[in-house]
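Report on the structure
The lines below spell out each chain.
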Amino acid sequence: MTGTHTDVVVVGARAAGAATALLLARAGLSVIVIDRDRPGTDTLSTHALMRGAVVQLHRWGLLDEVVRAGTPAIRETAFHYATESIWVPIKPGSGVDALYAPRRTVLDPILVAAAEDAGAVVRYGETLIGLRSQDGRVVGVEVRDRSGRVGAVTARLVIGADGRRSTMARLVEAPTTHRATSTTACAYGYFRDLPCRGYEWAYRTSGMAGLIPTNDEATCVFVARRPDRLRRGGRPALEEALADASPELADRLRPAVLVSPVRTFVGQPGHLRTPWGPGWALVGHAGSWKDPISAHGLTDALRDAELLACAAVRVLAGEASEADAFGCYQATRDRLTLPILAGSDEVAAMRWDDDRIRLLLRGLNQAMNEELRAIDELDSPVQSGQPR
Ligand SMILES: Cc1cc2nc3c(=O)[nH]c(=O)nc-3n(C[C@H](O)[C@H](O)[C@H](O)COP(=O)(O)OP(=O)(O)OC[C@H]3O[C@@H](n4cnc5c(N)ncnc54)[C@H](O)[C@@H]3O)c2cc1C
């Protein structure tokens, strides 16, 4: 590997990294993305998108591709409580009339291909192993490829989009600014022949669960429990946990055909990290993680990709200082995400009753409406696809 120079190097080529690279490349910046993984692979994640993410995919011109990949439109959401079920229609708004839950093997490659179309160079099989610094500024990355060769990319800005266990956050020693206290453990698998009209979420203190219709006529079925109560063990363990969350969903699951392994996530409490410093920034899980029961990580990732890209374009054009532009990115991210972090933390604690969980979900809905307003109002120079 030889050394290279670019405007921006992004570490991580999934939701957050590919979306940020796409927007920066569309703004006319040179962008190199590295990822240690292989293209098109799956990752540990369910993938229900909330409206903010669907609105962004639409205005970036990518929603049609998600639909063409056979991702079913979600037009209703059910909330199953201990005493009743409530169905809520998805009202048309902000240019979209449905929600979608594309598999990560669909969503991530669409974002990567769009980034490449816009001129970003995406290099798989390269792992971030160190940073180049000068006078207290990050000025590049050191990477190792699969054959063990080490190289460097120098850049005006280095962005870490390398997930929950971010190497980049560790290398820059990004301070943790907020910590959640609770976590669920969850398990999920994909089933065919499972009748399901839309997203379905079930809430009991004995267990929570969800049905997420997705590609290939499959439905992702997930369960979430306190970590000490989630047993590993494939379909029987998943069915047992689902019966605790919703006997009705468990009955419906019985004749369905499991078409994937059952994957388990052991849980990790949410946190927020300071997402920028001299010459570097963090986006997606690298800077912000919340319990998966929020079903909001991908929506966060796309929202923050656009907030960060807008800030980075201004900084690299010399129109704003890092302190102003990235400080504003951090403030907006925190304002939008903290209510969702706090609400999901209380949901994950599973110490509510039927009245309290409804109140919590109403609060989360309000926070998501606020987020949607912010996304609608973003006067983004990077979303149109026109180079500046
Ligand atoms: C069990 C579970 C369920 C979830 N359910 C939902 C849901 O229903 N809805 C939702 O919106 N979100 C959900 N999420 C969250 C969602 O998965 C994340 O929001 C999303 O993955 C964040 O994307 P990202 O791009 O920040 O990070 P990631 O998807 O983690 O991508 C990080 C990338 O960085 C690369 N990388 C890491 N380290 C290095 C390195 N040193 N060098 C080079 N490359 C590196 C990795 O290979 C990877 O490709 C769930 C998460 C989990 C764990």
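The shown structure was predicted, so the numbers you read here are calculated from the model rather than taken from an experiment. (Residues numbered from 1 in each chain as written. Predicted model: local features only at pLDDT ≥ 70, side-chain atom pairs only at ≥ 80, totals over all residues. Heavy atoms only, no water.)

Points about the packing of helix α8 (residues 297–316) against helix α9 (residues 322–349)
Keep this limit in mind: Axis geometry follows a simple rule: fit a line to the C-alpha atoms, using only the stretch in contact for helices, then measure angles between N-to-C directions, giving values from 0 to 180 degrees. Strands are runs of DSSP state E lasting at least 2 residues, helices are runs of H or I lasting at least 4, and numbering of each runs from the N terminus. Here the angle decides the label: under 35 degrees means roughly parallel, over 145 means roughly antiparallel, 65 to 115 means roughly perpendicular, and every other value means oblique. Working rule for handedness: look at the near helix, and if it is turned counterclockwise from the far one by less than a right angle, call the crossing left-handed; if clockwise, right-handed. By definition in these notes, contact holds between two residues if any of their heavy atoms fall within 4.5 Å.
It is at 8 Å that the axes of α8 and α9 come closest, and there the two elements cross at 165 degrees. Compared by their axis directions, α8 and α9 come out roughly antiparallel. Here α8 runs over α9; the crossing is right-handed. Residues Asp 300, Arg 303, Asp 304, Leu 307, Leu 308, Ala 311, Ala 312, Arg 314 and Val 315 of α8 pack against Glu 322, Ala 325, Phe 326, Tyr 329, Thr 332, Arg 333, Leu 336 and Thr 337 of α9.

Here we look at unusual backbone geometry
Formally: Note on exposure labels: buried denotes an accessible area under 20% of the residue type's maximum, exposed denotes more than 50%, and partly exposed covers the range between, all computed with a 1.4 Å probe on protein chains only.
In this structure, Glu 217 takes a positive phi of about 55 degrees despite not being glycine. On the secondary structure map, Glu 217 appears in the loop between β12 (207–213) and β13 (219–225). Notably, Met 350 is not glycine yet its phi reads approximately 55 degrees, a positive angle. When you line up the elements, Met 350 lands in the loop between α9 and α10 (354–377). Judged by its relative accessible area of 3%, Met 350 is buried.

Re helix α4 (residues 104–117)
For the record, the criterion: What a helix is expected to span follows from its residue count: subtract one and scale by 1.5 Å.
Over its 14 residues, α4 extends 19 Å from the first C-alpha to the last, a length consistent with the 20 Å expected when each residue adds 1.5 Å. Of the residues making up α4, those classed as buried are Arg 104, Val 106, Leu 107, Asp 108, Ile 110, Leu 111, Val 112, Ala 114 and Ala 115. Phi for Gly 119, located one or two positions after α4, is positive at around 115 degrees.

Re the site of the ligand
Filter applied, for reference: Whether a residue is near a molecule or strand depends on its heavy atoms: if one lies within 4 Å, it is near. Any N or O atom pair separated by 3.5 Å or less is treated as a polar contact, with the protein-specific requirement of one donor-capable and one acceptor-capable atom, and with residues adjacent in sequence counted only for side-chain atom pairs. With residues, only the protein chains shown are counted as cover, and all accessible areas are computed by Shrake-Rupley using a 1.4 Å probe.
The full set close to the ligand counts 32 residues, and Asp 35, Ser 45, Thr 46, Gly 297 and Leu 298 are the nearest of them. Leu 128 is positioned with one of its backbone polar atoms (N or O) 2.9 Å from a nitrogen atom of the ligand. In the environment of the ligand, a nitrogen atom lies 3.3 Å from a nitrogen or oxygen atom belonging to the side chain of Thr 167. Summarising the interface, the protein chains cover 94% of the accessible area of the ligand, which totals 1,000 Å² for the free molecule.

Quick notes on the sheet that holds strand β19 (residues 288–289)
Strand pairing within a sheet occurs via backbone hydrogen bonds; the two strands may be parallel or antiparallel. Counted only if it meets this: Any two strands between which DSSP finds at least two bridges are classified as paired.
Strand order in the open sheet made by the 3 strands is β9-β16-β19, with antiparallel pairing throughout. This sheet does not close on itself; its edge strands, each paired only once, are β9 (176–179) and β19. Relative to β19, strand β16 (residues 271–273) runs antiparallel, the two sharing 2 bridges. The residue of β19 that forms the bridge with Leu 272 is Ser 288. Together, β9, β16 and β19 form the strand contacts of α9, whose direction differs from that of β16 by roughly 175 degrees.

Digging into the packing of aromatic side chains
The following threshold applies: Each Phe, Tyr or Trp ring (for Trp, its six-membered ring) is paired with any other whose centre lies within 6.5 Å, and the angle between the two planes then decides the class: stacked below 30 degrees, edge-to-face above 60, tilted in between.
Taken as a whole and assessed by the stated rule, the structure comprises 6 aromatic pairs. Where Trp 201 meets Phe 222, the ring centres are 6.1 Å apart and the plane angle is 50 degrees; that geometry is what we call tilted. Placement of Trp 201 in strand β11 (residues 199–204) and of Phe 222 in strand β13 is noted, with a sequence separation of 21 residues between them. Taking relative accessible area as the criterion, Phe 222 reaches 7% and is therefore assigned buried. Measuring from centroid to centroid gives 6.2 Å for Trp 276 and Phe 326, while their planes differ by 45 degrees, and the two rings are tilted. One end of the pair, Trp 276, is in strand β17 (residues 276–277); the other, Phe 326, is in helix α9, and 50 residues separate them in sequence. Take Phe 326: its relative accessible area is 0%, and that puts it in the buried class. Taken together, the ring pairs in this structure connect Tyr 199, Trp 201 and Phe 222 into an aromatic cluster.

Focus: the pattern of salt bridges
For side chains bearing opposite charge, pairing can occur when the charged atoms are close. Our working rule: Think of a salt bridge as a Lys or Arg side-chain nitrogen and an Asp or Glu carboxyl oxygen that are within 4 Å of each other.
Scanning all chains against the criterion turns up 30 salt bridges. The partner of Asp 37 in a salt bridge is Arg 14, with the nearest N and O atoms 3.0 Å apart. Here Asp 37 is found in the loop between β2 (31–35) and α2 (51–59), whereas its partner Arg 14 is found in the loop between β1 (4–11) and α1 (15–26), with 23 residues between them in sequence. Overall, Asp 37 belongs to the partly exposed group, its relative accessible area being 30%. The buried category is assigned to Arg 14, whose relative accessible area is 17%. The shortest N-O distance in the salt bridge between Arg 252 and Glu 248 comes to 3.0 Å. Here Arg 252 and its partner Glu 248 are both found in helix α7 (residues 247–253), 4 residues apart, which amounts to about one turn of the helix. Of the residues examined, Glu 248 reaches a relative accessible area of 39% and is grouped as partly exposed. A cluster of three or more residues bridged by salt bridges with shared partners is formed by Arg 225, Arg 229, Arg 231, Glu 240 and Asp 244.

It is worth stressing that arrangement in space is one thing and function is another; only the former is reported here.
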